[in-house]
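A closer look at the structure
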Amino acid sequence: MKKLALLAAALLASTLLAGCDWTLINPSGYMAKQQSNLMMFSVWLMLLVIVPVIFLILFFSWKYRRGGSSANYDAEFYHSNKLEVVIWGVPICIIIVLATVTWGSTHLLDPYRPLVRIDTNTKIAGMDEELGWVKRVTTKVIDPGRETNPAVVETKPLVIEVASLDWKWLFVYPEQGIATINEVVAPVNRPIHFKITSASTMNSFFIPALSGQIYAMPGMQTQLHAVMNKEGVYKGFSSNYTGHGFSQMYFNFHSVTNAGFDEWVAKVRSSSKVLDRAEYIALDVRNQADERGFIKYFGIRHYGAVEEGLYAAVLNMCVMPGMMCADEMMAIDLAGGVEDEAQARANFKRLRYDSRWTTRTQLDLAEFSDIIPGAFICTTDTIDADLAAGAVRSASGKVRLDKVSLDAATSPVL
């Protein structure tokens, strides 16, 4: 009866698991497939140790159980060269293999590395494959069946600029001059070059069927090169917790034919909405909560035109009027700063203005930075008072206001 119950449980489990979507194990994108092969190779390799160890634990527990008669007890046993070779040799061999494959795959699957192939049998024209012996060994693991003389195709990567907002995803197609919210469409078997940043907190961009996740960070740009090899609709989402609305931060990735992509682009271009700075500022707010207090899904939105340079402004955190762009600030720093006090004051105002800074944030930062915050949200109305003085620690250890250099006043805040 017990055997029948176990058999029934196994069959039930198999039936239930048959309906699971094993996206990470069997993805549709070339990069994701190689990552899956690497993951499964590592699992099987480590099981070479785990399975025998578990078996031996059970075996010795049974053999040397109390009351057992078949075990021979050797009171003089203390060392075995054969056991030492197995105990140390097997893990060392596994580590060497894992290290070799890990090193090779780190370079071959680098998300910043432009794609050389769109699948196992097809190479992109003009892209050179320089593979040393480590990478050649690695390709046997992560890309089995890789053709040494693959077919060659002419193709150009599709550039998509991505920005994470609270709590939605903005996708800009610079070559097509369009933009979308919470929707990505790309041709099948065409390389995609994602340029990714964040307008708010650190986030994580993840389409499991396409490739691994990559972080989106404010003021920084990360990149992801990938390709989808099957048509279909795939899930994308934020895999990094960013607040109580992050569960609504998802989108669909549509992999379509070239003709289907052209039709979709024409459809988006027909939209009368224009994504300019004013529209972006209106978007860059947290989604509204419903009557129960839960954040609502923002939905899908199309923009038939995009203001030139908008993504660069988002990346450099200067969409708001009057704000200094991060690249401009770095250029000034690289040149040694400015000597004119009036210009320095003007630059400071442009750097301090940030609608995300609240009184609570300033008070919290004051505890660690020794900077006296403004009485309210840091705006141009409170700048002059802060500029007139800086933070200097008095003999009593308290923070007092005295005239100091611009660098001393600004560096802890930024």
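Residues numbered from 1 in each chain as written. Predicted model: local features only at pLDDT ≥ 70, side-chain atom pairs only at ≥ 80, totals over all residues. Heavy atoms only, no water.

**Focus: the nonpolar core**
Ile-160, Phe-171, Tyr-173, Phe-194, Phe-205 and Phe-253 are the most contacted members of the largest nonpolar core, which has 44 residues in total. When residues in this core are grouped by element, the largest group, four residues, is from helix 5 (residues 258–269). If we ignore the near neighbours within four places in the chain, the residues touching Phe-194 are Ile-160, Val-162, Val-184, Phe-205, Leu-210, Thr-222, Gln-223, Leu-224 and Phe-253. (Core = buried A, V, L, I, M, F, W, Y, C linked by side-chain atoms within 4.5 Å. Buried < 20%, exposed > 50% of the residue type's maximum accessible area, 1.4 Å probe, protein only. Helix = DSSP H or I, 4+ residues; strand = E, 2+ residues; numbered from the N terminus. Contact = heavy atoms within 4.5 Å.)

**Regarding the pattern of salt bridges**
Scanning the entire structure with this criterion turns up four salt bridges. With its nearest N and O atoms 3.9 Å apart, the salt bridge here joins Lys-156 to Glu-175. With a gap of 19 residues between them, Lys-156 in the loop between strand 3 (151–153) and strand 4 (158–165) and Glu-175 in the loop between strand 5 (168–173) and strand 6 (178–181) connect regions that are remote in the sequence. With relative accessibility at 54%, the residue Lys-156 sits in the exposed group. The class of Glu-175 is partly exposed, set by a relative accessible area of 39%. In this structure, Arg-301 and Glu-279 form a salt bridge, with 3.2 Å as the shortest nitrogen-oxygen distance. With Arg-301 in strand 15 (residues 301–303) and Glu-279 in helix 6 (residues 277–283), this residue pair connects regions lying 22 residues apart in the sequence. (Salt bridge = Lys/Arg side-chain N within 4 Å of Asp/Glu carboxyl O.)

**Some details on the state of the cysteines**
Considering all chains together, one arrives at one disulfide under this definition. The partner cysteine of Cys-318 in its disulfide is Cys-325, sulfur to sulfur 1.9 Å. Across the disulfide from Cys-318 to Cys-325, rotation about the S-S bond amounts to roughly 80°, and the bridge is consequently right-handed. (Disulfide = S-S within 2.5 Å.)

**Observations regarding the sheet that holds strand 9 (residues 203–206)**
The five strands are arranged 7-13-12-9-10 in an open sheet whose pairing can be described as mixed. On the outer flanks of this sheet lie strand 7 (183–187) and strand 10 (214–216), each paired with one strand and no other. Across this sheet, the average inter-strand angle for adjacent strands is 25°, counted without regard to direction. Set on the sheet, helix 5 makes contact with strand 7 and strand 13 (250–256); between it and strand 7 the angle comes to about 140°. (Pairing = 2+ DSSP bridges. Axes fitted to C-alpha atoms, helices over the stretch in contact; angles between N-to-C directions.)

**Quick notes on the confidence of the model for the protein chain**
Model confidence for the protein chain is summarised by a mean pLDDT of 80, while 77% of its residues fall at 70 or above. Segment residues 367–414 is flagged for pLDDT under 50; beyond a separation of four residues in sequence, or across chains, it makes 73 contacts in the model. (pLDDT = per-residue confidence, 0-100.)

**Re the environment of Ile-118**
Within the secondary structure, Ile-118 is located in strand 1 (residues 117–119). As a C-alpha pair, Ile-118 and Val-153 span 35 residues in sequence and 9.1 Å in three-dimensional space. Beyond its immediate stretch of four places on either side in the chain, Ile-118 contacts Tyr-30, Ile-124, Val-153, Asn-189, Pro-191, Val-227 and Asn-229.

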